[in-house]
Amino acid sequence: MDLADTEEEAAFRSRLRRWLGRALPGLPAPPAPDDWPGRRTYDTGWQRRLYDAGYGGLHWDAPPARRLIFLEETERAGAPYVGANFVGLLHAGPTIAAEGTDAQRERWLEPVLRGDEIWCQGFSEPGAGSDLAALRTSAVRDGDDYIVTGSKLWTSHAQVADWCELLVRTDPGAPRHRGISWLALPMDAPGVTVRPLRTLAGTDEFAEVFLDGVRIPVANRVGAENDGWRVTMVTLSFERGTAFAGEVVACRRDLERIAAAARAGGHWDDPALRSALGRLNAEFRALWRLIQWNASEARHTGGPPGAGASVFKLRYSQARQELYETAARVCGDAALDLDGAWTADRLSSLSYTIAAGTSQIQRNIIAERILGLPKGG
C-alpha cells in the first residue's frame, strides 16, 4: 500500500500550511482550563474560522487521507485542538453523517461545522462500568416522544453542550444488545440536570447527567428503534479509529521535547532511557501508519473504520501511558508538580485504557473479529 501523498494531497497540504501560517498569529490567548464558557467561545471561534476558510467539514466530509493531512498539519502548527467541539466533530457528527436521515443531517451537521452547537456524550452509566450494553436509562414511547429516565456518567463537556448523543434502553425485554436506541437529547430540555465531576488532575471536563422524565422527540432517534447498538459501534469506530489522530502527532512532538529535556538534564547517558525513547519513537511512527491504513480501508469500503480501529486503540492507550511515564523519569521530583511539564498529560493518560472502550474490550474485539476466535461462554 502506497501511503505517500498524491500530487493532489501534497497541494492540499501546502495550501493548509500557508493558511495556518496566516491564521494562527492573530488568535487570542486561550482561556483558563476551567473557564468553560470561555473555552466554548474560544473553541467554537476557531471552528468558525476553519469553516469560513473551507476547512470546517474535513472531519467527516472529506477523503480519509485529506482528513489525516488536516489533523497532522494543524497539530504540528500548534493550532487549537477541537476542545469542546470534540464529541460533535469526531463522534456524533460522523455518526449522523453515516446513519442519519437527510433531515437529521441537514439539522445537525452544519451547526457543528460552523461552531454554532456543542455536543456531549451520554453513553456510560454508574452501574454499567465498562459494560456499555448493561445501560439501564429507559426510554418509553409516548406518541411522538420518548420519556427518558436515568443517569449518565463521564459526560464530556456537558456543562456547555447544546446536544447529547444519548444511549437509552427502548426494549427492556430484548437481549441486552438489541433493545438500545441512539437519541439526540437537547440539553435544555426540562428534566435534565448536569453536575460537574472533578478529575484526578483537578479539571472538571466531565459531568454526571440526570434525566427525570425528559421528553425527546422520536424524530431525534438516529437509526431504527432498538438498533442503537449497531449505530453505537459506528460511533465508537470513529472514536477508536481516527479521533485520536491529532493526539498521535502531539505525542510525537512531546517525545522530541522529552528527549531534549533528557539531554539538557544529564539523563542521556542512561542506556535504558535512550532505549525507551527509541522504542516509543518507533511505536508512534507505527501508530501513525496504522491510522493511515485504517483510513485507507475506510475509503475502500465506503464505511467507518473497522475492527482495525481496536488494534490502534489498544496499542495507543498503552503507548501514551508509557510516553508520559518516561517523561516522569526525566523530570524526577518535578513530575509530582501538577503545574509541571507533562504532569497533567501523565495523569490523563491513565484514563486512556478505559475511555472509548476498555483495553479488555478491545482485546475481545480483536480476538473475535480479526483472529476468528470463539466468544467466551
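On a predicted model such as this, the values are computed, not experimentally measured, just so you know.

Caption draft 1: Molecular detail of the overall build of the protein. Counting its secondary structure elements, the protein contains 11 helices and eight strands. Looking at the protein as a whole, 51% of its 377 residues are labelled buried. Within the protein, residue pairs in contact and separated by at least 24 positions form 73% of the contacts whose partners lie at least 6 positions apart. A total of about 17200 Å² of accessible surface is found on the protein, and carbon and sulfur atoms cover 52% of it.

Caption draft 2: Spatial organisation of the nonpolar core. In terms of nonpolar packing, the biggest core is built from 43 residues, with W19, W46, Y55, F284, Y316 and L323 touching the most fellow members. Where this core is concerned, the elements lending two or more residues are helix 1 (7-23), helix 2 (36-52), helix 3 (64-76), helix 7 (245-264), helix 8 (271-301) and helix 9 (308-331). When residues in this core are grouped by element, the largest group, eight residues, is from helix 7. Apart from the residues within four sequence positions on either side, Y316 is in contact with F244, E247, V248, C251, F284, L287 and Y352. By size, the runner-up hydrophobic cluster in this structure holds 26 residues, among which are V82, L109, W229 and M233.

Caption draft 3: Just the environment of W119, in detail. Considering the arrangement of structural elements, one finds W119 in strand 1 (residues 119-122). Once the C-alpha coordinates of W119 and P186 are considered, the two residues, 67 residues apart in sequence, prove to be 9.3 Å apart.

Caption draft 4: Structural detail: the packing of helix 4 (residues 86-99) against helix 5 (residues 102-114). At their nearest, the axes of helix 4 and helix 5 sit 10 Å apart, and the two run at 160 degrees to each other. The angle between the axes of helix 4 and helix 5 places the two elements in the roughly antiparallel class. Of the two possible hands of crossing, helix 4 and helix 5 adopt the one that is left-handed. Residue-level inspection shows G88, L89, G93, I96 and A97 of helix 4 in contact with helix 5, the latter providing Q104, R105, W108, L109, V112 and L113. Of the residues belonging to the contact of helix 4 with helix 5, the class tally is seven nonpolar, three polar and one charged.

Caption draft 5: Looking closely at the confidence of the model for the protein. Per-residue confidence for the protein gives a mean pLDDT of 85, with 88% of residues at or over 70. Averaged pLDDT values over the elements of the protein bottom out at 70 in helix 11 (residues 359-370) and peak at 98 in strand 8 (residues 221-222).

Caption draft 6: Structural detail: the packing of aromatic side chains. Counted according to the given criterion, the structure contains nine aromatic pairs. Ring centres of W19 and Y55 lie 5.3 Å apart, and the angle between their planes is 55 degrees; this geometry places the pair in the tilted category. Of this pair, W19 sits in helix 1 while Y55 sits in the loop between helix 2 and helix 3, and the two are 36 residues apart along the sequence. As far as burial versus exposure is concerned, W19 and Y55 are alike and both buried. Summarising the aromatic geometry, the rings of W119 and W163 are spaced 5.9 Å apart at their centres and angled 25 degrees between planes, so their arrangement reads as stacked. With a gap of 44 residues between them, W119 in strand 1 and W163 in strand 4 (residues 163-169) connect regions that are remote in the sequence. Assessed through its relative accessible area of 1%, W119 is described here as buried. Of the residues examined, W163 reaches a relative accessible area of 11% and is grouped as buried. By way of ring pairs, the aromatic residues F12, W19, W46 and Y55 are connected into one cluster.

Caption draft 7: View of the packing of helix 1 against helix 3. Interaxial distance between helix 1 and helix 3 falls to 10 Å at its minimum, and their mutual angle equals 30 degrees. Overall, the two elements helix 1 and helix 3 adopt an arrangement that is roughly parallel. At the point where helix 1 passes helix 3, the crossing takes the right-handed sense. Each of E8, E9, F12, R13, L16, R17 and L20 in helix 1 lies in contact with helix 3, whose residues at this interface are A65, R66, I69, F70, E72, E73, T74 and R76. Its residues placed into classes, the contact of helix 1 with helix 3 shows six nonpolar, one polar and eight charged.

Caption draft 8: Broad picture of the environment of P94. With respect to the helices and strands, the residue P94 is situated in helix 4. Relative accessible area serves as the criterion here: at 2%, P94 is assigned to the buried category. Between the C-alpha atoms of P94 and L109, which are 15 residues apart in sequence, the distance is 8.7 Å.

Caption draft 9: Summary view of the pairing of strand 7 (residues 206-217). Direction of pairing for strand 3 (residues 145-152) relative to strand 7: antiparallel, over a ladder of seven bridges. When the sheet's bridge partners are listed, K152 is paired in strand 7 with V209. Summarising the sheet, strand 6 (residues 192-197) and strand 7 pair through six bridges and their orientation is antiparallel. Bridge pairing links V194 to V209 in strand 7.

Caption draft 10: Broad picture of the pattern of salt bridges. Taken as a whole and judged by the stated rule, the model has 27 salt bridges. With a shortest N-O distance of 2.9 Å, E75 and R253 are connected by a salt bridge. Taken as a pair, E75 in helix 3 and R253 in helix 7 lie far apart in primary sequence, 178 residues in all. A relative accessible area of 12% means that E75 is categorised as buried. Within this structure, R13, R17, E72, E73 and R76 form a network of salt bridges that share partners.

Thresholds applied
Residues numbered from 1 in each chain as written. Predicted model: local features only at pLDDT ≥ 70, side-chain atom pairs only at ≥ 80, totals over all residues. Heavy atoms only, no water. Helix = DSSP H or I, 4+ residues; strand = E, 2+ residues; numbered from the N terminus. Buried < 20%, exposed > 50% of the residue type's maximum accessible area, 1.4 Å probe, protein only. Contact = heavy atoms within 4.5 Å. Areas by Shrake-Rupley, 256 points an atom, 1.4 Å probe, with all protein chains shown as cover. Core = buried A, V, L, I, M, F, W, Y, C linked by side-chain atoms within 4.5 Å. Axes fitted to C-alpha atoms, helices over the stretch in contact; angles between N-to-C directions. Parallel < 35°, antiparallel > 145°, perpendicular 65-115°, else oblique. Left-handed = near helix turned anticlockwise from the far one by under 90°. Nonpolar A, V, L, I, M, F, W, Y, C, P; charged D, E, K, R; others polar. pLDDT = per-residue confidence, 0-100. Phe/Tyr/Trp six-rings, centres within 6.5 Å; stacked < 30°, edge-to-face > 60°. Pairing = 2+ DSSP bridges. Salt bridge = Lys/Arg side-chain N within 4 Å of Asp/Glu carboxyl O.

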